[in-house]
Amino acid sequence: MESCRSNNHPQLTLHNWYDKDFQSHRFFRSIHVAGTNGKGSVIQWLEALLKTKGLSTGSFISPHLISHNERIRINGKPISMDEWEVIYDSFAPIFQQRQMTMFEMDLWMAARAFQNFRPDWVLMETGLGGGKDATNILSYPFGIITRIGMDHMAYLGPTKEDIAKAKAGIIHQDMFVITAETDPACLKIFADTCLKEHAWLVQIPDPKTFDFSSFWPAFLPAYQKENFLCALTTLQMAGMTFCPGELKKAASHFRWPGRFQLLQKDPMILLDGAHNPDGINALVTALLEKGLSGSDRNQKSSTDISDSAHFAAPAAASLQTIYFSVLADKQAGEMIERLQDLHAPIVLVHFDTYRLADLESVAAKYNCPMISFDDLIKDLTQAKEPALICGSLYFAGAVLEKWIELHPDFQLDQPVENKKNKNNSCPKKK
């Protein structure tokens, strides 16, 4: 299945196949999530918020970090490999006959899992772009478009406006479209598309002015506020309201493996799958805000982030090493230049993927040392100083897989517990 990576079939072909295989089944309470960064985080926030209402979810995400079954989630948990194999076997003959791509097969299997489980809400993440993405063959009452950034330009176009047009392809008739975008040119593209499709465009509140004081935990990076507001605003448009206790419960239990994830507390080892300039910029900004750059070695962080099992770095932690790897189609130079603002040595790491960038050229240009993946793992197991691992979700997944192998007790998605405030329920109405 992993070898079947290719361009998707035409939308009309996929429509016809879907209607034949699923008897035109549609998911009436569903949300389609597109954008450059934060799509998976938005789905995680949707799951967390809907859970506070006792509502079940079926989610389709990509890529996976360790195991392929992560792409299909029921109530925030991947389906089991046994369930995955049963669904795959039921479709195997037509997958082969039609020569469907891996992503198309994933989508078909997710649709069958959701058809079988019948969750209250179905949450679908685009794979690449929007209008031409296989997930776009379904109809959705709600769509979310996160911020537009420069990524996948070879497929989506060389400018931000080109990418916005591709993402706007998810907008359909009578859809509520919620966006975190603030760029006027991109917003005009979304607005014009909504006008043409008779859809409604809604911008999220400004994270800088929204009041997070009653529920936002210190361990979460600030960039998650935008993703949270995408999810919250969408559910509010669906008619839901949330009390502070429900928001606190959702936020305190938010976890998203491979994104600002603490592997070890002392010394701190932080893993983040940021893989393009905008993602790296958000990561660096978050680390600087928490006082975790290499230049802060003799200063204590101004932010208390020690109250969480998920992110419990010592207040005086400061980065000593950044381990970085990157795929060939990404803007390695821009990412490294932003990471240099953390004032910590950057070490390039080879890992096993056919998509790896020419790290030798990158190392020569930026005067960075280079090590093997095995040497990285050795360094991490013997680490005595804080370290950051970033540059690629695939790299993050490889590190996580090895980390779990070496630390069997490590919980990939361990819930965050706030022991200080266990009562997160809403006050009962009199």
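Just above, that's the structure.
Here's what I pulled together on the structure shown here. Note that this is a predicted model, so its numbers are computed, not measured.

1. Things to note about the overall build of the protein
Each helix and strand counted, the protein has 14 helices and 14 strands in total. The buried share among the 430 residues of the protein stands at 55%. In the protein, of all internal contacts separated by at least 6 residues, the share reaching a separation of at least 24 is 72%. Accessible area of the protein: about 19,200 Å², with a carbon and sulfur share of 50%.

2. Considerations on the packing of aromatic side chains
On inspection of all chains with the given rule, the structure shows 24 aromatic pairs. With centroids separated by 5.2 Å and ring planes inclined at 75°, the aromatic side chains of F212 and W216 adopt a geometry described as edge-to-face. Take F212 and W216: they sit in the same class, and that class is buried. Each member of the aromatic cluster is reached from another via a ring pair, and the members are Y18, F22, W84, Y88, F91, F95 and W108. When the ring centre of F242 is taken as origin, the NZ or CZ atom of K53, which lies over that ring, is 4.9 Å away.

3. A short note on the sheet that holds strand β2 (residues 57-60)
Paired through backbone hydrogen bonds, the strands of a sheet run either parallel or antiparallel to each other. Here eight strands make up an open sheet; going across it, the order is β4-β3-β2-β5-β1-β6-β7-β8 and the pairing mixed. On the outer flanks of this sheet lie β4 (77-78) and β8 (200-203), each paired with one strand and no other. As judged from the two bridges shared by strand β3 (residues 72-74) and β4, these two strands associate in the antiparallel manner. Paired with R73 across the two strands is P78, which belongs to β4. Packed onto the sheet, helix α4 (residues 102-117) meets β2, β3 and β5 (121-125) and runs at close to 15° relative to β3.

4. What to know about the environment of L123
With respect to the helices and strands, the residue L123 is situated in strand β5. Spatially, the C-alpha atoms of L123 and I61 are 8.5 Å apart, while their sequence positions differ by 62 residues. Not counting residues up to four positions away in its chain, the partners in contact with L123 are I31, I43, L46, E47, L50, T57, G58, S59 and F60.

5. Observations concerning unusual backbone geometry
Here the amide bond leading from S62 into P63 is cis, since omega sits at -5°, within 30 degrees of zero. Residue position: P63 is located in the loop between β2 and β3. The peptide bond linking D266 to P267 adopts the cis configuration, its omega dihedral lying at -5°. Mapped onto the fold, P267 is located in the loop between β9 (261-264) and β10 (269-271). Residue N75 is not a glycine yet carries a positive backbone phi of 50°. Mapped onto the elements of the fold, N75 is located in the loop between β3 and β4. Judged by relative accessible area, N75 falls into the partly exposed class, the value being 42%. Positive phi, close to 55°, is recorded for N367, a residue that is not glycine. With respect to the secondary-structure elements, N367 resides in the loop between α12 (359-366) and β13 (370-371). Look at N367 and you get exposed, because its relative accessible area is 71%.

6. Notes on the nonpolar core
Ranked by internal contacts, the top residues of the largest apolar core, which has 55 residues, are L339 and L388. Not counting residues within four places of it along the chain, the set of residues in contact with L339 comprises I280, V284, I322, F324, I346, L388 and C390. One finds A113, L138, A164 and V177 within the second-largest nonpolar core, a separate group that totals 47 residues.

7. Considerations on the sheet that holds strand β14 (residues 387-390)
As summarised here, the arrangement of the six strands in space is β9-β10-β14-β11-β12-β13, forming an open sheet in which the pairing is mixed. Each having just a single partner strand, β9 and β13 make up the two edges of the open sheet. With three bridges joining them, β10 and β14 adopt parallel strand pairing. Directly across from L271, in β14, lies its bridge partner I389. Strands β12 (346-349) and β13 of the sheet are contacted by α12, whose axis makes an angle of about 165° with β12. This element, helix α14 (residues 393-406), spans β9, β10, β11 (321-324), β12 and β14 of the sheet and lies at about 35° to β9.

8. A few points about helix α9 (residues 244-252)
Within α9, seven of the nine residues are buried, leaving the element largely enclosed by the surrounding structure. Of the positions making up α9, those classed as buried are G245, E246, L247, K248, A250, A251 and S252. Summarising the contacts, the buried residues of α9 are in contact with α2 (39-52) and α8 (224-237).

Reading guide: rules and limits
- Residues numbered from 1 in each chain as written.
- Predicted model: local features only at pLDDT ≥ 70, side-chain atom pairs only at ≥ 80, totals over all residues.
- Heavy atoms only, no water.
- Helix = DSSP H or I, 4+ residues; strand = E, 2+ residues; numbered from the N terminus.
- Buried < 20%, exposed > 50% of the residue type's maximum accessible area, 1.4 Å probe, protein only.
- Contact = heavy atoms within 4.5 Å.
- Areas by Shrake-Rupley, 256 points an atom, 1.4 Å probe, with all protein chains shown as cover.
- Phe/Tyr/Trp six-rings, centres within 6.5 Å; stacked < 30°, edge-to-face > 60°.
- Lys NZ or Arg CZ within 6 Å of the ring centre and 35° of its normal.
- Pairing = 2+ DSSP bridges.
- Axes fitted to C-alpha atoms, helices over the stretch in contact; angles between N-to-C directions.
- Core = buried A, V, L, I, M, F, W, Y, C linked by side-chain atoms within 4.5 Å.

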